[in-house]
Amino acid sequence: MLLRLRGPDGMIRINIDKNDLFAELGRQLVAQLPPTVDPNSISMSPKPQAKPEDKESRKLKDIAGFKLSHIGLNHGDLIFLNYRHQDTADGHTNGAPTPSTTISSTNRLNGKPILPTEDLPVDPPPLTSPTQIIKNPWEVVRQSPLDDRLDKQDGKIPRGRDRMCKHGPKGMCDYCMPLDPFNPQYLTDKKIKYLSFHSYLRKINSATNKPELGSSFIPPLKEPYFRVKRDCPSGHPQWPEGICTKCQPSAITLQPQTFRMVDHVEFASFELVNSFIDAWRRTGAQRIGYLYGRYVEYTEVPLGVKAIVEAIYEVPQVDEVDGVSLNPWDNEGAVNDVSKLCGLEQVGVIFTDLLDAGTGDGKVICKRHADSYFLSSLEICFAARLQAQHPKPTKWSDTGRFGSNFVSCIISGDETGQIAISSYQVSNDAVEMVRSDLIEPSADPNVMLVREEEEDDGSTSRTRYIPEVFYRKINEYGANVQENAKPSFPAEYLFVTLTHGFPAQPKPLFNTPNFPIENREIIGESQQLKSVAKALNKSSGKELGSISDFHFLNFIHGMDVLSKEEEALLCRAATTHDLADTYQLFSTPGWKTLETILRETGEKLPKRKRSRSSGEGGQVPGSGALPSSASSVVAPMNNTSGEPLTKRLAAVRLNERNASAPATKRVKHGEH
């Protein structure tokens, strides 16, 4: 008879006689299982997903002496297997398997076991082949904590009792039952144009997976892929030498994306944007910066996500009146490390597109409107490249990633001539088309061009394959028709709009943004040590000075004075505004070294207030004359001779060590 055995590694079919023992069945079964399977752990059950300790499950070694007919197995029966894998690196000792950490074969990535103790990255590892998928991504991929929280919510929209309800107070009917988060009528009533990502996920998952049917789970999300697939099973040479229908991409039909990965962009304070626009006010040239913040839940949209912007980092750039040219950003990793210590990450990019109206009242020209364009084709390609660099990890996709949470914000003029912000994201199709080198921007900002397969010299391209591209539109007769996208098509098919705003009661994470902004030397603003000394000034009534500034933290990180623990303490004190952390920071050796560097470079720390008199023997009022030990300490600090800095520092330490304790106390008492 034929028996079917289904296990974690697939289905196995075995021909065997009814009178044979289970030992014979096990011998044929082990020969077809992976070599890492522990034979002593094989268990059989008539029910799927049965555990070895269940009463319906039996160990193969326990029933090896029984005949198949005694159990009642017949031709065509299905048996479910469960087993563990050995750690092959440990091997065997004296012919017996050593106890090792075993793991189900479902916890595998690219054929390699994933141990429970391994620290998996948030982003899934890059795939060696675009057609290769992750088996059981819900066990391997680590999402963000926000996505995990939203996954646990049902997302139902509650409704109150309707006038059509005929039931009691504890009943429910079609008129008052909760709505799905993707209910089109609710979205229309609330004027919500796009579904949130998790609402879209609920919608397609309900159509893909039906648990009541008992079918296996299928990841509902699938990223678009418009390139020629590698490793084609047909056996022909790799493209461009060979191609077939299995590896060539299908025709592309563009449609406006119905969902967005982020629903709202919130700037922590108005001063954050105003200081960024100030560069344009002083030069008339455009400016670009990267947004650092965090993602939180957005309650105005069902299962929505909001990006809160806490800082803008202005990268090296060459500003012009009609655009910006980016220079290499060498310290991007360092800035990301500082933002991570502050609990932040890169959430987007922002740039200006402003032109003064010349009226003298601060108004600007409105260039982006319904009759011109909102996002140019060049900006779409730029945003697509940035979104491709920041993929979103998700366990609901067979590749472990889907889309991106990276946003693009533009500061431009509105219809009234005021400066306004617009927020966008490009669609997943646009990101893949840019990655596949299928499209390129045109001189008309509202039109995107489809590239040709020929290179500039007329030869056929060996790096890109251009499939057929179509888009659907409503023609002049009101019919929904399909048009060929070659050579060009409207760019509005490739992006979605986001809402933006400011909090009613701003509580920014960095509450002392007074430090000079980086890469502004062209307008006479630079970061120097005297700026650090000014930031540490407490005379303005702030007990902590002005250390709660993202630009200040990055400058201190670039000095490489503090250790990793001290830098983490600095970032914690700057974000939590805790006095205990701040005073602990001021007593660390790294901070003392920073203060010494500031003194030795001629920057006076305004930590202690002193009044200067015209005479050489000027005294602090009410303090009396300084003791000789204190003056001997101060003298080497003011030495402007050509002595090396190391000798002067050694003299300072020696004099401080020789100074008596009572004298030191008198000096401190007099200074305060």
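The rules behind each value
Residues numbered from 1 in each chain as written. Predicted model: local features only at pLDDT ≥ 70, side-chain atom pairs only at ≥ 80, totals over all residues. Heavy atoms only, no water. Helix = DSSP H or I, 4+ residues; strand = E, 2+ residues; numbered from the N terminus. Buried < 20%, exposed > 50% of the residue type's maximum accessible area, 1.4 Å probe, protein only. Contact = heavy atoms within 4.5 Å. Areas by Shrake-Rupley, 256 points an atom, 1.4 Å probe, with all protein chains shown as cover. Core = buried A, V, L, I, M, F, W, Y, C linked by side-chain atoms within 4.5 Å. Pairing = 2+ DSSP bridges. Axes fitted to C-alpha atoms, helices over the stretch in contact; angles between N-to-C directions. Parallel < 35°, antiparallel > 145°, perpendicular 65-115°, else oblique. Nonpolar A, V, L, I, M, F, W, Y, C, P; charged D, E, K, R; others polar. Expected span 1.5 Å × (residues − 1). Disulfide = S-S within 2.5 Å. Patch = residues over 30% accessible without salt bridge, like charges linked within 9 Å, V, L, I, M, F, W, Y side chains within 5 Å. Salt bridge = Lys/Arg side-chain N within 4 Å of Asp/Glu carboxyl O.

### A word on the overall build of the chain
Now for step 1: If you tally the helices and strands in the chain, you get 18 helices and 26 strands.
Now for step 2: Within the chain, the proportion of its 672 residues that are buried is 41%.
Now for step 3: When contacts within the chain are restricted to residue pairs at least 6 apart in sequence, those whose partners lie at least 24 apart make up 64%.
Now for step 4: Just so you have it, the chain exposes about 36900 Å², and 51% of that area is on carbon and sulfur atoms.

### Side note on the nonpolar core
Now for step 1: One finds Leu254, Phe489, Leu494, Phe552, Leu553, Leu570 and Trp591 to be the most contacted residues of the largest nonpolar core, which totals 65 residues.
Now for step 2: Residues contacting Phe489, with those up to four places away along its chain left out, are Leu254, Ile439, Asn446, Val447, Met448, Val450, Tyr471 and Leu494.
Now for step 3: Listed in part, the 28 residues of the second largest apolar core include Ile312, Val364, Ile421 and Leu498.

### Side note on the sheet that holds strand β21 (residues 439–441)
Now for step 1: Strand order across the open sheet formed by 3 strands is β21-β22-β25, with antiparallel pairing between neighbours. Every interior strand has two partners, whereas the edge strands, β21 and β25 (488–490), have only one. Shown here is a sheet whose adjacent strand axes are inclined to one another by a mean of 35°, direction ignored.
Now for step 2: Strand direction decides the pairing type here: strand β22 (residues 447–450) and β25, joined by 3 bridges, are antiparallel. Looking across to β25, one finds that Met448 is bridged to Phe489.
Now for step 3: Lying over the sheet, helix α9 (residues 377–389) contacts β21 and β22, oriented at roughly 65° with respect to β22.

### Re the pairing of strand β23 (residues 469–474)
Now for step 1: By the bridge criterion, 3 bridges tie strand β11 (residues 252–254) to β23 in an arrangement that is parallel. Looking at β23, one finds that Thr253 is bridged to Phe470.
Now for step 2: In terms of strand pairing, β23 meets strand β24 (residues 480–484) through 5 bridges, oriented antiparallel. In the sheet register, Lys473 faces β24, and the bridge partner there is Val481.

### A closer look at the packing of helix α12 (residues 550–559) against helix α13 (residues 564–576)
Now for step 1: Across the interface, α12 lies against α13 with an axial gap of 11 Å and an inter-helix angle of 170°. The angle between the axes of α12 and α13 places the two elements in the roughly antiparallel class. Two secondary-structure elements touch here, α12 through Phe552, Leu553, Ile556 and His557 and α13 through Glu567, Leu570, Cys571 and Ala574.
Now for step 2: Per-class residue counts for the contact of α12 with α13 are 6 nonpolar, 1 polar and 1 charged.

### Let's talk about unusual backbone geometry
Now for step 1: Of the consecutive residues Lys486 and Pro487, the connecting peptide bond is found in the cis state with omega at 5°.
Now for step 2: Phi at Lys191 is positive, roughly 60°, even though this residue is not glycine.
Now for step 3: Of the residues examined, Lys191 reaches a relative accessible area of 78% and is grouped as exposed.
Now for step 4: Of note in this structure, His577 is not a glycine but carries a positive phi near 60°.
Now for step 5: By the secondary structure assignment, His577 is in the loop between α13 and α14 (579–586).
Now for step 6: A relative accessible area of 29% means that His577 is categorised as partly exposed.

### What to know about α13
Now for step 1: Under the 1.5 Å per step criterion, the end-to-end length of α13 is 18 Å for 13 residues, consistent within 8% with the ideal 18 Å.
Now for step 2: Among all positions in α13, only Glu566, Glu567, Leu569, Leu570, Cys571, Ala573, Ala574 and Thr575 are buried.
Now for step 3: The secondary structure elements touched by the buried residues of α13 are α8 (332–341), α12, α14 and α15 (589–600).
Now for step 4: Remark: His577 follows α13 within two positions and exhibits a positive phi of approximately 60°.

### Quick word on the state of the cysteines
Now for step 1: All told, the structure shown has 0 disulfides when counted by the stated rule.
Now for step 2: Summary of cysteine pairing: Cys176 is not part of a disulfide, and the nearest cysteine sulfur, belonging to Cys165, is at 3.8 Å.
Now for step 3: In this structure Cys342 is not part of a disulfide, and its nearest cysteine sulfur, from Cys571, lies 4.0 Å away.

### A look at a nonpolar patch on the surface
Now for step 1: Taken together, the side chains of Val321, Leu355 and Ile365 define a hydrophobic patch exposed on the protein surface, amounting to about 240 Å² of accessible area.
Now for step 2: Here Leu355 shows up in the loop between β18 (345–353) and α9.
Now for step 3: Classification of Leu355 by relative accessible area gives partly exposed; the value is 36%.

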